Amino acid sequence: MTRTSLPDPDQLAVRILRGERAAVAGGLNLLDNKLAEARNCAARLLASLSGERWLNEGHLVGITGPPGAGKSSLVCAMIREWRLAGRSVGVLAVDPSSRPELGGGALLGDRIRIKNSSQDEGLFIRSLANRNQLGGVATEVWPMSWLMLASFDIVVIETVGVGQTEIDIADIGDTVCYVAQPASGDTIQYLKSGIIEIPDIFAVNKCDLGAAARKTASEISRSAPRQDRREDWDYPVCLVSATMNAGIREFHEQFDRHRKYLARTDLLRGLRTRHQSAWVVRLLKEEFGTLGLELAGGRAGIERCLGDNASNQFAEYERIRKHLLSRFMSVNPPSSLTRKEHSDEQATV
Ligand SMILES: Nc1nc2c(ncn2[C@@H]2O[C@H](COP(=O)(O)OP(=O)(O)O)[C@@H](O)[C@H]2O)c(=O)[nH]1
Ligand SMILES: [Mg+2]
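Residues numbered from 1 in each chain as written. Chains lettered and ligands numbered in written order. Predicted model: local features only at pLDDT ≥ 70, side-chain atom pairs only at ≥ 80, totals over all residues. Heavy atoms only, no water.

Participant: Honestly, the environment of Leu30 in this entry has me stumped. Any pointers?
Facilitator: Looking at where Leu30 falls in the secondary structure, it is placed in helix H2 (residues 21–32). Since its relative accessible area comes to 0%, Leu30 is described here as buried. Once the C-alpha coordinates of Leu30 and Ala42 are considered, the two residues, twelve residues apart in sequence, prove to be 6.1 Å apart. (Helix = DSSP H or I, 4+ residues; strand = E, 2+ residues; numbered from the N terminus. Buried < 20%, exposed > 50% of the residue type's maximum accessible area, 1.4 Å probe, protein only.)

Here you go:
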């Protein structure tokens, strides 16, 4: 994307808020563009999309678990339920193995009996194959999920769980669901060792396999450490089959129940504020390094600024970025000639 083809961020924000899918696609492309000009434009876009709404509305759902457990199949089954309930859905599939179904859209559409998902205005799917960085979810996934939340009632992020990713997804999602593979000990090991925060909802998929699935479900119920649990949430373990469409209605209802629980207990606002500031710090660190964080007042200082402007953390992010860019530019002018002269000067001193 060249400089001249960058969109006007304010106009784009209006179109995204209206739910225009082309605008959402354009916004996601912009967030994916790492050129300096694009980053400035993206920061302005996110700031214009921000508001109280982002602390109170919509539902960010994270689905994680080992490859092959049936995450994509379950997402398909859930999309059908959500669409039947009249909710619009955006999906970010970070799972590289999702490419065939989710990347094309049409195949996914077949599965959910919508002839072609591109004809359903209330459904938007973006595949981010290979973005599952070693040791975590790529940083762009986070602003992307927020951009989608400005357009859709439900935003689902599917990631492959490999230890660290569950932690990342727990820092994005309002509700995190772990999909377990029957007769696989991984989930139970992770839970016992405390590697993963306890997901809000468990699904043991492939219950059509019978006893193995039931055994895994009861092992999970016993393994989650009690002390880390929230007192007033019951961490349901759902036995489901995506391909047989068994238990899906009840499974789907657990997501609504958890979203209502977060609203009722006033947890949602605090959760989202914390998640947002953690990711802003992470984005700043990615762009400016540890030195940048220090120049901006240190992690604690940044978090305080963000907390003071919780309903528009992206605006605060933009302000801090601009400040850091000007600091970096003043000590390190961009022209290579200037740098060369500078180094020559030093060499002769
Ligand atoms: N027997 C059975 N197989 C399933 C079920 N759900 C998914 N699968 C199969 O499991 C494989 C992996 O599914 P997929 O949704 O791609 O898993 P993901 O890697 O976790 O996204 C596919 O071959 C599915 O057809 C189920 O409920 N029962
Ligand atoms: Mg998948």
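Okay, back to it.
Participant: In this structure, what is going on with the nonpolar core? I would like to understand it.
Facilitator: Within soluble globular proteins, side chains that are nonpolar generally end up buried alongside one another. Core analysis: the biggest nonpolar cluster contains 52 residues, and Ile16, Val141 and Leu284 have the highest contact counts within it. The contact partners of Ile16, leaving out residues within four places of it in the chain, are Ala23, Val24, Gly27, Leu45, Leu49, Leu147, Ala150 and Ser151. In this structure, Ala69, Trp82, Ile198 and Ala213 belong to the second largest nonpolar core, which totals 42 residues. (Core = buried A, V, L, I, M, F, W, Y, C linked by side-chain atoms within 4.5 Å. Contact = heavy atoms within 4.5 Å.)

Participant: Looking at this structure, I do not really get the packing of aromatic side chains. What am I missing?
Facilitator: The geometry of an aromatic ring pair is captured by the separation of the ring centres together with the interplanar angle, meaning the angle of the planes. Under the criterion given, the structure shown has ten aromatic pairs. Ring centres of Trp54 and Trp146 lie 5.4 Å apart, and the angle between their planes is 70°; this geometry places the pair in the edge-to-face category. Taken together, the residues Trp54 in helix H4 (residues 53–56) and Trp146 in helix H8 (residues 141–149) connect sequence positions 92 residues apart. Take Trp54: its relative accessible area is 2%, and that puts it in the buried class. Seen in terms of ring centroids, Trp142 and Phe314 are 5.0 Å apart; in terms of plane orientation they differ by 35°. Their pairing is tilted. Highlighted residues: Trp142 in helix H8 and Phe314 in helix H15 (residues 313–331), separated in sequence by 172 residues. There is no split in this pair, since Trp142 and Phe314 are both buried. (Phe/Tyr/Trp six-rings, centres within 6.5 Å; stacked < 30°, edge-to-face > 60°.)

Participant: Can you help me understand the site of ligand 1 in this one?
Facilitator: The environment of ligand 1 is made up of 18 residues, and the closest members are Gly68, Lys71, Ser73, Asp208 and Ser241. Between ligand 1 and Lys71, the relevant distance is 2.8 Å, taken from an oxygen atom to a side-chain nitrogen or oxygen of the residue. The contact in question runs from a nitrogen atom of ligand 1 to an N or O atom on the side chain of Asn205, over 3.0 Å. Among the elements that line the shell around ligand 1, the one with the most residues is helix H5 (residues 71–84), at three residues. The class makeup of the residues in the shell around ligand 1 is four nonpolar, eight polar and six charged. (Near = heavy atom within 4 Å. Polar contact = N/O pair within 3.5 Å; in protein donor to acceptor, adjacent residues only side chain to side chain. Nonpolar A, V, L, I, M, F, W, Y, C, P; charged D, E, K, R; others polar.)

Participant: Help me out: how do you make sense of helix H1 (residues 9–17) in this one?
Facilitator: Working note: α-helix, 3.6 residues per turn, so residues spaced by three or four point in the same direction. Looking only at H1, the buried set comprises Pro9, Leu12, Ala13 and Ile16. Axial view of H1: buried residues confined to an arc of 105°, hence all on one face. Against the buried residues of H1 lie H2, helix H3 (36–49) and H8. Just downstream of H1 lies Gly19, where phi reads positive at about 90°. (Arc of directions from axis to C-beta.)

Participant: Hey, could you run me through the pairing of strand S2 (residues 89–93) in this one?
Facilitator: Each regular strand shows side chains that alternate between the opposite faces of the sheet. The buried fraction of S2 is high, at five of five residues. Side chains of S2 alternate between two faces, with Val89, Val91 and Ala93 and Gly90 and Leu92 buried alike. Relative to strand S3 (residues 123–127), S2 runs parallel, the two being bridged by five bridges. Pairing of Val89 across the sheet is with Leu123, part of S3. Here S2 pairs with strand S4 (residues 154–158) via five bridges, running parallel. (Pairing = 2+ DSSP bridges.)

These values are about where atoms sit, not about what they do.
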